[in-house]
Amino acid sequence: MIENVKFKLNGKSVALRIDSDRLLLWVLRTDLGLTGTKYGCGESYCGACTLLVDNEAVRSCQVAVKDVRGKHVVTIEGLAKNGDLHPVQKAFMEYDALQCGYCTPGMIMNAVAFLRKNPRPTSAQIIAAMDDNLCRCGAHNRIVQAIEAAAKEAKGGF
Amino acid sequence: MKEDKYLEMNFSGKFPDLEMDRRKFLRTAGGGIFILFTLWDASLFAQEGRGRRGNLPTDFNAFLRIGEDGRVSCYTGKIEMGQGIITSLAQMLADELDVSLDSVDMVMGDTDLCPWDMGTFGSMSTRFFGPPLRAAGAEGRRVLLELAAEQLKIDVQDLNTANGVVSSKKDEKMRVSYAELAKGKKIERHLTEEVKVKSPEEFKVVSKPVTRRDALEKVSGKAKYAGDIQLPGMLHAKLLRPPQHAARLAEADTSAAEQVEGAQVFRDGDLVAVLHKYPDVAEIALAKIKAKYDLAASDLDDKNIFDHLVKVAPSGEAVAQGGDLQVGESEASILVEATYLDGYKSHAPIEPHTATASIEGDKVTVWPSSQTPFSAKREVAEALGIPQDNVRIISPFVGGGFGGKTRNLQVVEAARLAKLSGKPVQVAWNRKEEFFYDSFRPAAVITIKSGTDDKGNIRFWDYHVYFAGERGSQQFYSIPNHRTMTHGSGWGSAPGTHPFATGAWRAPGNNTNTFARESQMDMMAAKAGMDPLEFRLQNLTDAKMKNVLTTAAEKFGWKAAKAPSGMGRGIACGTDAGTSVATIAEVEVNKTTGEVKVKRVVCAQDMGLVINPEGATIQMEGCITMGLGYALREDIRFKGNDILDANFDTYSIPRFSWLPKIETVIIDNKNADPQGGGEPAIITMGAVIANAIFDAVGARLFQQPMTPERVKEALAKG
Ligand code: FES
Ligand code: FES
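Everything numeric in this text was worked out from a predicted model, so none of it was measured.

Chemist: Tell me about the nonpolar core, and name the residues and values.
Modeler: Judged by nonpolar contacts, the single largest core of 215 residues is most densely connected at Phe92 and Ile143 of chain A together with Ile33, Leu417, Phe648, Ile689 and Ile693 of chain B. When residues in this core are grouped by element, the largest group, 12 residues, is from helix 4 (residues 124-152) of chain B. The next biggest cluster of nonpolar side chains, apart from the first, holds 17 residues, and it includes Leu9, Val27, Val53 and Val65 of chain A.

See the structure below:
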């Protein structure tokens, strides 16, 4: 149905006149030009499209734009604060936790949501939380190390 | 260099007929000092003896420029897909030219700016590109020194270079920057003769760990991949696909799709596509097309494919032989005869094949996810019937390739649709299309008959490989009587061989060959009652291989025992792309479920000079991780012409919870030429796990992947 949908995106309000059944992933990538959120499988299996909706990790290939009405959507582009990278982003750089980088935005967003809930995780908890995010380049162990390091660095303050 | 035969796959007879127009090239590149050079070792191609020399560009195919601002730019047709050459190639230049890493720019994979290049695959970038690139850097430094000598009136031998400045050794104040030297100049040098490059002791940047130069863009979502290119007025295309392979479109009723607001349907022969401003709407419209297909029957499936392959295989070609097999067999008291199977595997990069194409006037520009931008250029020109000069490919970051993105079907689709619609068009395959059109790693069969004397000395080795390909098939043990036969190659097989496309998959052929060879070694060791490490060392004379084996064993804390010891550890070694690798794995096998958990992997690699140890380590870790997939789970299931796996729910690739503790050792071998690092560590993963499973529970697996069902079957056999 074509209707008005308003939500907050990376701290700013957006108002769209749109077919509200359309998927958030494509609305972000095409209508709104935010291409940091990636398509990997389209069926919730890979996590490349992960972003935050009211601080929860959500797979944007599975969410209609009407479902984020009135909510706050944060994408990889909106994670840095005043040009300062999020601790998880910094840790990914420092630990070389990426190769081709295509899974990276989804990995980072999933990790950020997880650390908000569990700021002092064990590595087993990190692995469990990240297990449904796929990486074909094999950056896994470094991603776990980066998340551990970010948690230490932030000392619980996410 | 025969092992690199696979380079042929998409390229034979397809080298560019146009030579790079040097003048045009240098005109667009602006002022400065230019060093033109050729990236390959010409002898490699001469050795191949395929009469191709005549077709190769005789001119340079890469160049570097010291600009009027003192920055160094390297122009190369290579692309960055995660292997890290955007960092390692820049490091080499920084060292040879004595500039900081920050002042080196890499211009990659742009066919208008960069000279022709064959493609990025086969661990070739550092191996073949490294030495000439370093030489070009050294030559650039020599030019700068000559210019400075003239300007400062000081002999070259009394000059120093550091940080982009030439200065007098005696008087630091006598100095001139590279920028000043390059200002207003247009100097062109061709790298023809040998240039002395720096010795390892002089390296400041090479062989020191540095983090990726593209990391910031990639963690902030700014890095652009092919699907992230957005052009004004661009339309997204969704293409009508057949329900199965070998199907032919009979009729298509597109009327309902055309009713979707904003949707346009284009048809050109077999190509039927819906274009829309939004990809998701194009997809919805596409689903409204009613199409009928003529289907072809096929009895093949993922179980009977192996018999089929052996049946259709051509008679063998000997790639190595020596001694007399009959004599060897008569000298052997322990015989092992086995058949090894390996199913089809998908490349499954997380970024599917994508391309964005735009046509302005008679000029076509495409941004593709491609490992072979110059092939893409030719293919687009051919498809549109225009000169290659009118096609420009600009390579964005590529979201993983592993060999799969050497095929450019989607590039041609995007270009054709841009032409048909007169608008910029993006074609982005969905995951199902990715699994359907992937050029799978071929299913393959290997049979081996071998034997040792009662002291565990291998007396003979008779090896037949069907369709895995040659790479990695030649054994490197010292065996007096041996024969290695390949029946059919790993790709480009005759029609009727494979039910769908096959192609190069990370370390093509070698994963399957190493699985078979190293499993066979273990079986002989077990029958001879010997420790598998000791057995290998006893049968090897290759010092490099012995060294990686003992290095890995030391790191692991290997204690001699014959298998099955119950400890659940396995060992395997191999060579790939000039690199020797040895891996030891420790596994736990759940006898009830058949689940195998890999707990620890230790891998030692000798890859000659290492340009970026951090990058090389990451590549090894990536190989080990990716290798868990083909070893344990990955298998394309199909029935007739239907591919049954369409997404990651049924085709499982490695996940966080699969990961073992990974320890890597890179042998310090600075004085040897750099060898490939993007692939070797993956080749041993199948065998090392098979051998560890045997050591754990005494069950031998002969087929990859080693799924829980197969483990249970093997346990039942005892
Ligand atoms: S694209 Fe959404 S989970 Fe894969
Ligand atoms: S870094 Fe390439 S898929 Fe994860």
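Having put the structure on the table, let's press on.
Chemist: How would you explain the interface of chain B and chain A if you had to name every residue and give the values?
Modeler: Often, the extent of an interface is quoted as the loss of accessible area on bringing the components together. In this complex, chain B contributes 58 residues to the contact, which on the side of chain A involves 49 residues. In total, about 4300 Å² of surface goes out of reach between chain B and chain A, with carbon and sulfur atoms giving 58% of it. The largest contributions to the chain B side of the interface with chain A come from Val219, Ile350 and Phe656 of chain B, which together make up 20% of the buried area. Between chain B and chain A we count 7 salt bridges in total. Elements with a contribution of two residues or more to the side of chain B that touches chain A: helix 6 (215-219), helix 8 (279-286) and helix 17 (613-632) of chain B. Broken down by element, the side of chain B that touches chain A gets its largest block of residues, 8 residues, from helix 17 of chain B. Of the residues in the side of chain B that touches chain A, the class split is 28 nonpolar, 18 polar and 12 charged.

Chemist: Kindly report on the pairing of strand 25 (residues 596-606) of chain B, identifying the contributing residues and their values.
Modeler: Residue and element names in this part refer to chain B. Of all 11 residues that make up strand 25, 9 are buried, and the element is covered over most of its length. Bridging between strand 24 (residues 579-589) and strand 25 involves 10 bridges; their strand directions are antiparallel. Following the sheet pairing, Glu586 is matched in strand 25 by Arg600. With antiparallel pairing between neighbouring strands as the criterion, strand 24 and strand 25 make up a hairpin whose turn holds 6 residues, including Gly594 at a positive phi of roughly 80°.

Chemist: Explain the packing of aromatic side chains to me, using residue names and the numbers behind them.
Modeler: Residue and element names in this part refer to chain B. Tallying each qualifying case throughout the model produces 19 aromatic pairs over all chains. Ring plane angle 80° and centroid distance 5.1 Å describe the contact between Phe440 and Phe500, whose orientation is recorded as edge-to-face. Of this pair, Phe440 sits in the loop between helix 13 (431-437) and strand 20 (444-452) while Phe500 sits in the loop between strand 22 (481-487) and helix 14 (510-527), and the two are 60 residues apart along the sequence. Grouping aromatic residues by their ring pairs yields a cluster made of Tyr344, Phe440, Phe500 and Phe638. The ring centre of Trp505 lies 4.8 Å from the NZ or CZ of Arg441, which sits over that ring. Above the ring of Phe694, the side-chain terminus of Arg700 is found at 4.7 Å from the ring centroid.

Chemist: Can you break down the sheet that holds strand 1 (residues 2-9) of chain A residue by residue, with the values?
Modeler: All names here are of chain A. Taking strand neighbours across the sheet as the criterion, the 5 strands line up as 2-1-5-3-4 in an open arrangement whose pairing is mixed. The strands lining the two open edges of the sheet, one partner per strand, are strand 2 (12-19) and strand 4 (56-59). Adjacent strand axes in the sheet meet at a mean angle of 40°, parallel and antiparallel pairs treated alike. Both strand 3 (residues 50-53) and strand 5 (residues 72-74) contribute to a ladder of 2 bridges, which runs antiparallel. Among the inter-strand pairings, Leu52 is bridged to a residue of strand 5, identified as Val74. Taken strand by strand, helix 1 (residues 24-31) contacts strand 1, strand 2 and strand 3, and its axis lies near 105° from that of strand 2.

The rules we used
- Residues numbered from 1 in each chain as written.
- Chains lettered and ligands numbered in written order.
- Predicted model: local features only at pLDDT ≥ 70, side-chain atom pairs only at ≥ 80, totals over all residues.
- Heavy atoms only, no water.
- Core = buried A, V, L, I, M, F, W, Y, C linked by side-chain atoms within 4.5 Å.
- Buried < 20%, exposed > 50% of the residue type's maximum accessible area, 1.4 Å probe, protein only.
- Helix = DSSP H or I, 4+ residues; strand = E, 2+ residues; numbered from the N terminus.
- Contact = heavy atoms within 4.5 Å.
- Buried area = accessible area lost by both parts, 1.4 Å probe.
- Salt bridge = Lys/Arg side-chain N within 4 Å of Asp/Glu carboxyl O.
- Nonpolar A, V, L, I, M, F, W, Y, C, P; charged D, E, K, R; others polar.
- Pairing = 2+ DSSP bridges.
- Phe/Tyr/Trp six-rings, centres within 6.5 Å; stacked < 30°, edge-to-face > 60°.
- Lys NZ or Arg CZ within 6 Å of the ring centre and 35° of its normal.
- Axes fitted to C-alpha atoms, helices over the stretch in contact; angles between N-to-C directions.

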